[in-house]
Amino acid sequence: MQINLNHCWAAQKLLKQTVLDQSINVVLVSEQLRNPTDNVNWVSSNDSKCAVVAIDHSTTPIEDRGSGTGFAWINLGSLVIYSCYYTPNCSAAEFEEYLGRLDDSIRVQQNCQVELLGLAYGTFSMYLRLEIQEAAKLVGFADDITLVITAPNADLLENIGNTALQSIDKWMQANGLQMAPQKSEAVVLTNKWAYRDSTFILGR
């Protein structure tokens, strides 16, 4: 389970009962109000911006744990889970430095699968090192990314959107990744009565 508590104490108090009711073993938390002092399975980042929590009823014990600024992790044997959060208000240089620290931490994990979850909101343009127009913005959470485009007409919407999609596809191809067109969709929000459907080209 992954949740942003938005610094709300009521939400944090309800979290424990929720995970028990739904039999959840691990919770990735961001923007907690405070870190509980009575839960040894709650591992927080050094700046208390995020945490990873192994629930008491989990049958897999924590073998190791660690943290840094903007991330915390637990080792459950063959699986290491990272909870990450970094402010979207940082500069590109600051975010690059953060990714470097995160990379250093991940590289020391040996003979195990690493799951990286909860990467900062609104930072994907910097993370992917994409050059896209100001009218297009990447917004993401975990492994989901949304391309948000603002344009006054369908022609410009198509132009901006397809240019951005080409940049994204080029980056993914260069990094051994690929899009999943069958799992993607376009949603248009407009107050115009007469509107021509735009055509977007996703992938090759």
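The rules behind these values
Residues numbered from 1 in each chain as written. Predicted model: local features only at pLDDT ≥ 70, side-chain atom pairs only at ≥ 80, totals over all residues. Heavy atoms only, no water. Helix = DSSP H or I, 4+ residues; strand = E, 2+ residues; numbered from the N terminus. Areas by Shrake-Rupley, 256 points an atom, 1.4 Å probe, with all protein chains shown as cover. Expected span 1.5 Å × (residues − 1). Bend = angle between axes of the 7 residues up to and from the residue. Buried < 20%, exposed > 50% of the residue type's maximum accessible area, 1.4 Å probe, protein only. Contact = heavy atoms within 4.5 Å. Pairing = 2+ DSSP bridges. Axes fitted to C-alpha atoms, helices over the stretch in contact; angles between N-to-C directions. 1 Å grid on protein atoms, 1.4 Å probe; cavity = no way out; pocket = protein on both sides within 12 Å on 5 of 7 lines; lining within 4 Å. Points joined across faces, edges and corners; volume = space filled by probe spheres on them. Nonpolar A, V, L, I, M, F, W, Y, C, P; charged D, E, K, R; others polar. Polar contact = N/O pair within 3.5 Å; in protein donor to acceptor, adjacent residues only side chain to side chain. Phe/Tyr/Trp six-rings, centres within 6.5 Å; stacked < 30°, edge-to-face > 60°.

S.K.: Describe in detail the overall build of the protein chain, supporting the description with residues and values.
M.R.: A tally of regular secondary structure across the protein chain gives four helices and ten strands. Total accessible area computed for the protein chain in this model is approximately 12600 Å², and 49% of it derives from carbon and sulfur atoms.

S.K.: Give me helix α1 (residues 9-21): which residues, what numbers.
M.R.: Over its 13 residues, α1 runs 19 Å from end to end, which matches the ideal 18 Å to within 8%, given 1.5 Å per residue. Its axis deflected by about 35° at leucine 15, α1 carries its strongest bend there. Restricting attention to buried positions, one finds in α1 the residues Gln12, Leu15 and Val19. Buried positions along α1 lie against β1 (2-4), β2 (26-30) and β3 (42-44).

S.K.: A description of the sheet that holds strand β7 (residues 79-84) should follow, citing residues and the corresponding values.
M.R.: If you trace the four strands from one edge of the open sheet to the other, you get β5-β6-β7-β8, paired in mixed fashion. Each edge of the open sheet carries a strand with a single partner, namely β5 (64-68) and β8 (113-117). This sheet shows a mean twist of 15° between the axes of neighbouring strands, independent of strand direction.

S.K.: Before we move on, can you summarise the layout of surface pockets with the specific residues and values?
M.R.: Of the pockets and cavities examined, the second largest pocket occupies roughly 440 Å³. Considering the residues around the second largest pocket, the lining is formed by 18 residues, among which Gln12, Lys16, Pro36, Asn39 and Trp42 are closest to the centre. Where the lining of the second largest pocket is concerned, the elements lending two or more residues are α1 and β4 (50-54). Of all the elements, α1 adds the most residues to the lining of the second largest pocket, at seven residues. Taken together, the residues of the lining of the second largest pocket sort by class into ten nonpolar, three polar and five charged.

S.K.: Hey, could you go over the side chain of asparagine 75 for me, with residue numbers and the actual values?
M.R.: Along the chain, asparagine 75 turns up in strand β6 (residues 71-75). Note on asparagine 75: relative accessible area 12%, which makes it buried. A polar side-chain atom of asparagine 75 sits 2.7 Å from the main-chain amide nitrogen of glycine 77. Among all residues touching asparagine 75, those that are not within four sequence positions of it are Pro61, Ile62, Glu63, Asp64, Val80 and Gln109.

S.K.: Any chance you could break down the environment of asparagine 41 for me, citing the residues and the numbers?
M.R.: By secondary structure assignment, the location of asparagine 41 is in the loop between β2 and β3. Put simply, asparagine 41 and valine 26 are 15 residues apart on the chain and 9.8 Å apart in space, counted from C-alpha to C-alpha.

S.K.: Outline helix α4 (residues 154-174), listing residues and values.
M.R.: Between its first and last C-alpha, α4 extends 30 Å over 21 residues, near the 30 Å set by a 1.5 Å rise per residue. For α4, the capping residue at the N-terminal end is asparagine 153, with a side-chain oxygen 3.3 Å from the backbone nitrogen of aspartate 155. The first or second residue beyond α4 is glycine 176, which carries a positive phi of 70°.

S.K.: Describe the packing of aromatic side chains, and please don't skip the residues or the numbers.
M.R.: In total, this model carries three aromatic pairs according to the counting rule given. Between the aromatic rings of phenylalanine 71 and tyrosine 82, the centroid separation amounts to 6.0 Å while the plane-to-plane angle is 40°, which identifies the pairing as tilted. Of the two residues, phenylalanine 71 sits in strand β6 while tyrosine 82 sits in strand β7, which places them eleven residues apart along the sequence. With a centroid separation of 4.4 Å and 10° between ring planes, the pair formed by tyrosine 86 and tyrosine 98 is classed as stacked. You can see tyrosine 86 sitting in the loop between β7 and α2 (92-107) and its partner tyrosine 98 sitting in helix α2, a full twelve residues away along the chain. Tyrosine 98 carries the same exposure label as tyrosine 86, and that label is buried.

S.K.: I'd like to hear about the pairing of β4, residue by residue, with values.
M.R.: Within β4, five of the five residues are buried, leaving the element largely enclosed by the surrounding structure. What you see with β4 is no split at all: Cys50, Val52 and Ala54 on one side and Ala51 and Val53 on the other are buried throughout. The pairing of β2 with β4 spans five bridges and is classified as antiparallel. Within β4, the residue paired with leucine 28 across the bridge is valine 52.

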